[in-house]
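Analysis of the macromolecular model
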Amino acid sequence: MSVSATCGVRAHAGLLAQELSREDVSCSTCWLSRSDDSLPAARAQVSAWTRELAGELERGRPDAILLHYSVFAYSYRGLPFFVHPTLSVARRSRIPVIAVMHELVYPWTIGGWRGKAWALSQRALLIDVMQASAAVVATADFRLDWLASRRWLPRRPAALAPVFSNLPAPTVERRTERRGGVVGLFGYSYEGAAVSLVLDALRLLGEQGVDAQLVLLGAPGRSSPAAERWLSLARERGVARALSFSGSLPAQELSNALAECDVLLFVGAHGPSSRKGTLAGSLASGRPLVALDGPRRWSELMQAEAACVVEPTAEALADAIHALFADEGLREALGARGRAFAEERMGVGRTAKAVRGLLDQVVAPTTAS
């Protein structure tokens, strides 16, 4: 289920379905792209879709259901109204469900009273999701730990499968003749993105005589609240002229735009995590990545030295960017390690093998593909 035209989860599901064919698993897709205009309209859309889903399951009688679960896609204004109708169809079919857990619940600690209402209701419905599932796939090790540590959640067989890049390989070479250096940021609208810190680093680079341009890549683009926040804070620091926005781009153009940058950033507040498609896409571009450290940094990434992970300060970020601008060999080596890591540790094949392994556990041997 999706609530926007640009949906990383839907792209993830499509690529995974293609890759599963290599594991002798054929997939058909039943997906709802719904509007969020009003609750009655959304209910009507979901009701029609669940009837269609029930018919598909009855006619096709698949061996298993792969449920892509991102809680806000099954919610209206943060409240998970559409989880139960979807799970009811799956339960009635008596077909085992493997849930791919993209986004589980909203945290308790942010969002005020509204955030607490989201957190409580989403946790209550997560119990239903786990009860209805025969097995689950989590996209980060800390999420596996979280699911296992909650006594109020049913226990299910689980596997780890990092989020893979939804983007095709770039088809352009990086431009070498340019004035200054270009820093790209894919995923600038995430809640918790370190906006002020990045802009302070950009200001410090300017004070050091480094001509750095910051390109904010992909959706939502210049005409968005996220962009207005970036621009407002950039004006306060006198660096607004160094900012630009690519806007929403087709997948190939976005991949090419990433590959044309000198340095890429990952600035999530919790550190570089295996659950982020923007991290996978940035690494897969082959450009050197600088990431801010945080409590949920991915140990595999750190051990492979696939990114330059720095303390979350403007000074550390500016120093790392400056060092990469100044040393082409360092840039190319780091970019190559990042691309290799994305292919080997974050590729779609790893997720397909995890799903195949769970299928072998939950589907009766006489019916397994």
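Residues numbered from 1 in each chain as written. Predicted model: local features only at pLDDT ≥ 70, side-chain atom pairs only at ≥ 80, totals over all residues. Heavy atoms only, no water.

The subject of this paragraph is the packing of aromatic side chains. Geometrically, a pair of aromatic rings is defined through the distance of the ring centres and the angle of the planes. For the coordinates displayed, the defined rule picks out eight aromatic pairs. Plain terms: the ring middles of Y188 and F245 are 6.0 Å apart, the flat faces sit at 70° to each other, and that makes the pair edge-to-face. Taken together, the residues Y188 in the loop between strand 5 (181-186) and helix 6 (195-207) and F245 in strand 7 (residues 243-247) connect sequence positions 57 residues apart. Each of the two residues, Y188 as well as F245, counts as buried. Taken together, the ring pairs connect F72, Y106 and W118 into an aromatic cluster. (Phe/Tyr/Trp six-rings, centres within 6.5 Å; stacked < 30°, edge-to-face > 60°. Helix = DSSP H or I, 4+ residues; strand = E, 2+ residues; numbered from the N terminus. Buried < 20%, exposed > 50% of the residue type's maximum accessible area, 1.4 Å probe, protein only.)

With that settled, consider the pattern of salt bridges. Taken as a whole and judged by the stated rule, the model has 15 salt bridges. Across the pair E19 and R22 runs a salt bridge whose closest N-O atoms are separated by 3.1 Å. When the shortest N-O distance is used, the salt bridge between E228 and R222 registers 2.7 Å. A relative accessible area of 37% places R222 in the partly exposed class. Here the residues in one salt-bridge network are D200, R203, E207, E236 and R237, joined through shared partners. (Salt bridge = Lys/Arg side-chain N within 4 Å of Asp/Glu carboxyl O.)

A few words on unusual backbone geometry. Note the cis peptide between A219 and P220, where omega equals 10°. Tracing the backbone shows P220 in the loop between strand 6 (212-217) and helix 7 (225-237). Despite not being glycine, R61 has its phi angle at roughly 45°, a positive value. Relative to the assigned elements, R61 resides in the loop between helix 2 (39-60) and strand 1 (65-70). The backbone of R94 sits at a positive phi, close to 60°, despite the residue not being glycine.

With that settled, consider the sheet that holds strand 8 (residues 263-266). Read from one edge of the open sheet, six strands run 7-6-5-8-9-10, paired in parallel fashion. The sheet is open, and its two edges are formed by strand 7 and strand 10 (308-310), each paired on a single side. The mean inter-strand angle of the sheet, taken between neighbouring strand axes irrespective of direction, is 25°. Bridge count between strand 5 and strand 8: three bridges; the pairing is parallel. Of the residues in strand 8, the one forming a bridge with G184 is L264. (Pairing = 2+ DSSP bridges. Axes fitted to C-alpha atoms, helices over the stretch in contact; angles between N-to-C directions.)

Another point: the layout of surface pockets. Its volume calculated, the second largest pocket comes out at about 880 Å³. Taken together, 38 residues line the second largest pocket, and the ones lying closest to its centre are S28, P62, A64, I65 and L66. When contributions to the lining of the second largest pocket are tallied by element, the ones reaching two or more residues are helix 1 (8-20), helix 2, strand 1, helix 3 (83-93), strand 2 (97-103) and helix 13 (348-362). Ranked by the residues each element gives to the lining of the second largest pocket, the list is headed by helix 2, at six residues. Its residues assigned to classes, the lining of the second largest pocket comprises 27 nonpolar, seven polar and four charged. (1 Å grid on protein atoms, 1.4 Å probe; cavity = no way out; pocket = protein on both sides within 12 Å on 5 of 7 lines; lining within 4 Å. Points joined across faces, edges and corners; volume = space filled by probe spheres on them. Nonpolar A, V, L, I, M, F, W, Y, C, P; charged D, E, K, R; others polar.)

Moving on, we come to the environment of V267. Structurally, the position occupied by V267 is in the loop between strand 8 and helix 9 (277-284). Using a relative accessible area of 3% as the deciding quantity, one classes V267 as buried. Separated by 74 residues in sequence, V267 and A193 have C-alpha atoms that sit 5.6 Å apart.

Evaluation of the coordinates by the stated rule reveals zero disulfides. Not engaged in a disulfide, the cysteine C7 finds its nearest cysteine sulfur in C30; these two sulfurs lie 15 Å apart. Using a relative accessible area of 19% as the deciding quantity, one classes C7 as buried. Cysteine C27 shares no disulfide, and the gap to the nearest cysteine sulfur, in C30, comes to 13 Å. (Disulfide = S-S within 2.5 Å.)

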